[in-house]
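This is what each chain is made of:
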Amino acid sequence: MAEAYIVGAVRTPVGKKKGGLSTVHPTDLAAHTLSALVERTGVDPSAVEDVIMGCVMQVGPQSMDIARNAWLSAGLPENVAGVTIDRQCGSSQQAIHFAAQAVLSGTQDLVVAAGVESMSIVPMGSSITMALEKGMPFPFGDKWVERYGKQEISQFRGAELMADKWDLSREQLDQYAYESHQRAAKAVANGYFKEQIAPINGVEDDEGPRPDTTLEKMAELKTLRPDGKITAATSSQISDGSGALLIASEQAVRDHGLTPRARIVTLALTGDDPVYMLTAPIPATRKALSKAGLSIDEIDVIEINEAFAPVPLAWLKEIGADPARTNPNGGAIALGHPLGGTGAILMTKLLHELERTGGRYGLQTMCEGGGQANVTIIERL
């Protein structure tokens, strides 16, 4: 049976809004990560068969196939093609899936899976600006309205719906966010991320964690909706960042003298209610575990994207995972969520944490626009 291996994984630090990466062109941000990946793996870049890159807001500086542009901007060989994909927040996790599927199918042997997003330069929502300017305020057509009605479809409403459905209080959400910052601050202070980060523009560490935040400060924040529970503190941070992984076949490992670091065990994808939007990691995780023949207790490290605090909290309730193994070094609430870059960044964190702790299996999942979720299970080698 064919195997797909992760032989390299690197990321930029995650920059905060108006932070040290906010003026770096997104193409240059991604190019920096691609260069670091090639340098750290020692792979012949001309042997790479495709660069698959996730990016959500593919307009302005992130348009015109940023995958191809970033590869060329990195000074890498012109013979290598690139393609940019959008599965909303899961875009670069999907890039990993597409790269692994190419290798598993035997059609390609070396594929780069990457992601990037500069939310400072290309703000969230930029891709629907044209529709709004043309007098089309609702981003869906008539057929959608026939099925779901002309109701609000947004991640913010979805997070509130989840908090209500799973009976999560404002205090529980704040407590989770506080813990995320504490874990992230500890990880930064202890240097857990140093090996996985390629510093850029003078930034060496993730900028988001707030070690001095308190529950009292969080309690003073206004909710994002008048009758809601979600605040800025219990939401993922607007961020800038990029990540990249090299996926290789057994043949490529032999031919290029590469060292496999992890084996991709299972790739799963599913959809769920698009109105709730953020719930799909729950059924997707069940599907992935079933495909892998594993129980959640056999997973040593879990990365579930903290788009909003109700997402991991509801997932924990349903799946029964160990909270200590879930986002052990904090998540997007503290470390940030650069949309199309997050999937590759999380996988880089997951791999390095398995290596640091000696764990065997890791699981990554994230909620995505449209009520979707990817799940990837890897085995450290």
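Residues numbered from 1 in each chain as written. Predicted model: local features only at pLDDT ≥ 70, side-chain atom pairs only at ≥ 80, totals over all residues. Heavy atoms only, no water.

- In the annotation of an unreviewed UniProt entry, the protein is listed under the name Acetyl-CoA acetyltransferase and assigned to Planotetraspora kaengkrachanensis.
- As recorded by UniProt, the Sequence similarities (unreviewed entry) comment attached to the protein reads in full: "Belongs to the thiolase-like superfamily. Thiolase family." (UniProt positions renumbered as here; feature names shortened; annotations may be inferred.)

### Focus on helix α2 (residues 66–73)
Thinking step 1. Among all positions in α2, only I66, A67, A70 and W71 are buried. The buried residues of α2 occupy an angular sector of 135° when the element is viewed end-on, so they sit on one face.
Thinking step 2. Of the surrounding elements, those touching the buried residues of α2 are α1 (26–41), β3 (50–54), β4 (82–85) and β5 (110–118).
Thinking step 3. Following α2 by one or two positions, G75 has its phi on the positive side, about 75°. (Buried < 20%, exposed > 50% of the residue type's maximum accessible area, 1.4 Å probe, protein only. Helix = DSSP H or I, 4+ residues; strand = E, 2+ residues; numbered from the N terminus. Arc of directions from axis to C-beta. Contact = heavy atoms within 4.5 Å.)

### Some thoughts on the nonpolar core
One recurring pattern in soluble globular proteins: nonpolar side chains tend to sit buried together.
Thinking step 1. Within the largest apolar cluster, 43 residues are counted, with the highest numbers of intra-cluster contacts made by L278, I296, I299, W315, L363 and I377.
Thinking step 2. Those elements giving two or more residues to this core turn out to be α6 (155–165), α7 (170–189), α10 (281–292), β8 (301–304), α11 (310–319), β9 (361–368) and β10 (372–380).
Thinking step 3. For this core, the element with the highest residue contribution is α11, accounting for six residues.
Thinking step 4. One finds L29, A47, V116 and L258 within the second-largest nonpolar core, a separate group that totals 36 residues. (Core = buried A, V, L, I, M, F, W, Y, C linked by side-chain atoms within 4.5 Å.)

### Focus on a nonpolar patch on the surface
Thinking step 1. Taken together, the side chains of M124, F156 and L224 make up a nonpolar region of the molecular surface, amounting to roughly 260 Å² of accessible area.
Thinking step 2. Mapping L224 onto the fold places it in the loop between α8 (215–219) and β6 (239–248).
Thinking step 3. Looking at L224, the relative accessible area reads 44%, which means it is partly exposed. (Patch = residues over 30% accessible without salt bridge, like charges linked within 9 Å, V, L, I, M, F, W, Y side chains within 5 Å. Areas by Shrake-Rupley, 256 points an atom, 1.4 Å probe, with all protein chains shown as cover. Salt bridge = Lys/Arg side-chain N within 4 Å of Asp/Glu carboxyl O.)

### What to know about the UniProt feature "active site" (unreviewed entry) in the protein
Thinking step 1. Annotation from UniProt places "active site" (unreviewed entry) at C89, H337 and C367. Taking the farthest pair of C-alpha atoms as the criterion, the annotated set spanning 279 residues converges on one region, since that pair is 12.0 Å apart.
Thinking step 2. One can find H337 in the loop between α12 (332–335) and α13 (342–357).
Thinking step 3. Discounting chain neighbours no more than four positions away, the residues touching H337 are C89, M119, S236, Q237, S239, N305, A332, T342 and M366.

### Some thoughts on the environment of E250
Thinking step 1. With respect to the helices and strands, the residue E250 is situated in helix α9 (residues 250–256).
Thinking step 2. Separated by 63 residues in the primary sequence, E250 and L313 place their C-alpha atoms 38 Å from one another.
Thinking step 3. Residues within four places of E250 in sequence aside, it is in contact with M1, A2, E3 and Y5.

### Let's talk about the packing of aromatic side chains
Thinking step 1. Inspection of every chain in the model, using the stated rule, returns three aromatic pairs.
Thinking step 2. Each ring, one from W144 and one from Y148, has its centre 4.6 Å from the other, and the planes form 40°; the classification is tilted. With W144 and Y148 both in helix α5 (residues 142–148) and four residues apart, this pair spans about one turn of that helix.
Thinking step 3. Taking the relative accessible area as the measure of exposure, W144 reaches 22% and is therefore partly exposed.
Thinking step 4. Seen in terms of ring centroids, F156 and F308 are 5.7 Å apart; in terms of plane orientation they differ by 75°. Their pairing is edge-to-face. Remark: F308 occurs in the loop between β8 and α11 and F156 occurs in helix α6; sequence separation between them is 152 residues.
Thinking step 5. F156 sits in the partly exposed class, given a relative accessible area of 33%.
Thinking step 6. Taken together, F140, W144 and Y148 form an aromatic cluster joined through their ring pairs. (Phe/Tyr/Trp six-rings, centres within 6.5 Å; stacked < 30°, edge-to-face > 60°.)

### Description of the pattern of salt bridges
For side chains bearing opposite charge, pairing can occur when the charged atoms are close.
Thinking step 1. Taken as a whole and assessed by the stated rule, the structure comprises 16 salt bridges.
Thinking step 2. Its salt-bridge partner being K229, residue D164 comes within 3.3 Å of it at the nearest N-O pair. With D164 in helix α6 and K229 in the loop between α8 and β6, the pair connects residues that are 65 residues apart, well separated along the chain.
Thinking step 3. Among the residues examined, D164 registers a relative accessible area of 48% and is labelled partly exposed.
Thinking step 4. One salt bridge in this structure joins D205 and K194, with 3.2 Å as the shortest N-O distance. With a gap of eleven residues between them, D205 in the loop between α7 and α8 and K194 in the loop between α7 and α8 connect regions that are remote in the sequence.
Thinking step 5. On the accessibility criterion, D205 (29% relative accessible area) is partly exposed.
Thinking step 6. Of the residues examined, K194 reaches a relative accessible area of 42% and is grouped as partly exposed.
Thinking step 7. Connected through salt bridges with shared partners, the residues E3, R263, R360 and E379 form a single ionic network.

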